[in-house]
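Residue-level structure breakdown
Below are the chains, spelled out letter by letter.
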Amino acid sequence: MQRHGAHKIAAGKEEASPLLKGGVDLNYSLEEGDRRGRQVTLEEDLEEIGVRRLHCVLAAACLLTNLAPATIAGAFPYIKANVAHEFGLSFAQTALVSTGGIWASVVGSVSFGRMADTFGRKCTILVCAGLTLVLVLAQLACRGAPGFWLLVSLQTLLGLPYGGLHTIVVPYLLEFCSRGSRGMMGSLVNLGWVLGNIYCILMVRAVGADHWRLCLQTAVPPCLLLLLCVPLLPESPRWLTAAGRPEEARRVLRLLRDSPPAGCRPAPACAGAAAEPEAAPPALHAQMPAGPATPLEQTARVLREMASPELRWETATVCALFACAGAQGFSFWAFGPDLVETATGEKPPLWTFVGMEVVGIVSTILAAVAADSAGRRPLLMLGGAVGLLVLAVLLLRPSPAVGCLSWLLVGCCQSLVWTIVPVYSGEVFPTRLRATAGGLGLMCSMIVGGLTPPLIGALLARSFALALAAMALPLCTTLLVAAFMMRETARTATLA
């Protein structure tokens, strides 16, 4: 394999590496076999390693990590009537349980994203899992007169680790993967959300909605598994390198190399693909303090770098894609039964929404297979087009059978959009910014997603066609942004 990043060695001494990125030498001198004394980049080493069984273990752990936030409030739509009845509340008052968590996740996504960039991916996942476990178990105490407001407070606080876990999981996995495999790996992680939704539905049916406090404990098993398993996993080699810990990064690479092959090779990268620059923009170097920076100074510098001319377009693109994903995702989730019933004149059966999740599973698997070969842009555009097709069918007032069958395609739309957007976000930013950028994008998603359902609800009360037109707006924006986004990352971008 040709080593574009290899450096010449003269007189038995290694040349000093010129590849100093952000003050950290990202080259490695691996003392194994014919690689003795040679300097290779981390990206080149991951390309040669390919897909190993350890990658599959990491993907399964990240899928479990995604399962945890999916179960935090996944059961509530199916038990809210029982909660309202027990506390003597209206549905509008009961909606405070889920609304508080949405707004808290805005804070959680940014704060835990910054924590992941500063203290590491594993540490942040463990903190989020532990906090989730404590808060979920505390919901068993929601009884009596103050029980409802205690439930609202706990669900609001649960939004913090919800946003954190959702932000960290994809960047953590992508940082172990080569260029040709990270689309597949990142896409498969999205199965955790779909499986989490199905798990919550089955739990409510098994336990019974009358025992709603037990139904809210759906997050306990995945959190316990995370607390047991994550300490056994390696830290991201890319984060270790960016944090100035190259010896630990080398040990992680050896773990990957010693792991047996998984039986597949990643898709080849395009010829002439350039490495993603890890160095901070030149204009920011003069602003960097000579001594150690405080956390506030580090955060300010990170935000300035994301707004720099080199990254401002990527930052705007990621924020726009996340905002559109949140707007259409929360709208479909909040008004699915109402839209189908209004369009067809009959209440849709439960199999419609279970079938939608099954279609989502199939779509996620197909997206994982096609992501690295087809690219991110076509899949994003396909997801937006499928969502628009569903709204067009509902606008025609179809029969109940056609309306329910068309709603199954919502699972395809949601899976394609929510699979590709986090993967794209994890690819276009350098390691030191990746989790922070993902947190900023998720913050946009939660803010827009929290504002959209009340707007759609008000429009739906006045005009069905007007409500569908408002729901079509974020889907059209997704198509537009995907068509004109500056860089296709599937086969040309590299992570450093």
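Residues numbered from 1 in each chain as written. Predicted model: local features only at pLDDT ≥ 70, side-chain atom pairs only at ≥ 80, totals over all residues. Heavy atoms only, no water.

Focus: the overall build of the protein
For clarity, the cut-off: Secondary structure counts use DSSP, requiring at least four H or I residues in a row for a helix and at least two E residues in a row for a strand, with both numbered from the N terminus. The accessible surface values rely on the Shrake-Rupley method and a 1.4 Å probe; as for residues, cover is taken only from the protein chains in view.
A tally of regular secondary structure across the protein gives 22 helices and six strands. Summing over all exposed atoms, the protein offers an accessible surface of approximately 20,300 Å²; the carbon and sulfur share of this is 69%.

Brief notes about the packing of aromatic side chains
The relative placement of two aromatic rings is captured by the distance of their centres and the angle of their planes. For clarity, the threshold we go by: Geometry of aromatic contacts follows a simple scheme: Phe, Tyr and Trp rings, the Trp one being its six-membered ring, pair when their centres are within 6.5 Å, and the pair is stacked under 30 degrees between planes, edge-to-face over 60, tilted otherwise. Under the scheme applied here, a residue whose accessible area is under 20% of the maximum for its type counts as buried, over 50% as exposed, and between as partly exposed, the area being computed with a 1.4 Å probe on protein chains only.
With the rule as written, the count across this model stands at seven aromatic pairs. Judged by centre distance (5.1 Å) and plane angle (70 degrees), the rings of F148 and W149 are edge-to-face. Overall, the relative accessible area of 4% leaves F148 in the buried class. Plain terms: the ring middles of Y162 and W193 are 5.8 Å apart, the flat faces sit at 80 degrees to each other, and that makes the pair edge-to-face. One end of the pair, Y162, is in helix α7 (residues 147-174); the other, W193, is in helix α9 (residues 191-207), and 31 residues separate them in sequence. Through a chain of ring-to-ring contacts, three or more aromatic side chains come together here, namely F87, F148, W149 and W212.

Quick notes on the packing of helix α21 (residues 431-462) against helix α22 (residues 464-484)
Quick reminder of the rule: Helix axes use the C-alpha atoms of the stretch in contact, all axes being lines fitted to C-alpha atoms, and the angles between their N-to-C directions lie in the range 0 to 180 degrees. An angle below 35 degrees is treated as roughly parallel, one above 145 as roughly antiparallel, one from 65 to 115 as roughly perpendicular, and anything else as oblique. Contacts were defined at the residue level, with two residues in contact if any of their heavy atoms lie within 4.5 Å. Under the grouping applied here, Gly and all other residues not named as nonpolar or charged are polar, the nonpolar ones being Ala, Val, Leu, Ile, Met, Phe, Trp, Tyr, Cys and Pro and the charged ones Asp, Glu, Lys and Arg.
Two elements in contact, α21 and α22, have axes whose closest approach is 6 Å; the angle formed by their N-to-C orientations is 150 degrees. Relative to α22, the element α21 lies roughly antiparallel. Counted together, I456, L459, L460 and R462 of α21 and F464, L466, A467, A470 and M471 of α22 form the full contact between these two elements. Its residues assigned to classes, the contact of α21 with α22 comprises eight nonpolar, no polar and one charged.

A few points about unusual backbone geometry
Phi is positive for R397, which is not a glycine, with a value near 55 degrees. On the secondary structure map, R397 appears in the loop between α18 (376-395) and α19 (400-407). What makes R397 partly exposed here is its relative accessible area of 47%.

Brief notes about helix α11 (residues 220-229)
Note the cut-off: Taking the helix axis as origin, the arc is that swept by the directions to the C-beta atoms.
Those residues of α11 that sit buried are V220, P222, C223 and L226. The buried residues of α11 occupy an angular sector of 170 degrees when the element is viewed end-on, so they sit on one face. Residues of α11 that are buried in the fold lie against α2 (53-72) and α6 (121-138).

A short note on the nonpolar core
Where we set the bar: Nonpolar cores were defined as sets of buried Ala, Val, Leu, Ile, Met, Phe, Trp, Tyr and Cys residues, with membership established by side-chain atoms within 4.5 Å.
Counting residues in hydrophobic clusters, the biggest one holds 71 residues, and the most contacted among them are L173 and W212. Considering every element that reaches this core, the biggest residue donor is α7, with 13 residues. Every residue in contact with W212, bar those within four places of it in the chain, is listed here: I79, N82, V83, E86, F87, C142 and L151. Among the nonpolar cores identified, the runner-up in size contains 49 residues, and F332, L391, C413 and M471 belong to it.

Looking at the pattern of salt bridges
For clarity, the threshold we go by: Here a salt bridge means any side-chain nitrogen of Lys or Arg lying within 4 Å of a carboxyl oxygen belonging to Asp or Glu.
The tally for this structure, following the rule as stated, stands at seven salt bridges. Measuring nitrogen to oxygen at the nearest pair gives 2.9 Å for the salt bridge that ties E248 to R245. Among the ionic pairs, E427 bridges to R376, the shortest N-O distance being 2.5 Å. Linking E427 in helix α20 (residues 409-428) with R376 in helix α18, this pair joins segments that are 51 residues apart in sequence. When its relative accessible area of 0% is taken as the criterion, R376 is described as buried.

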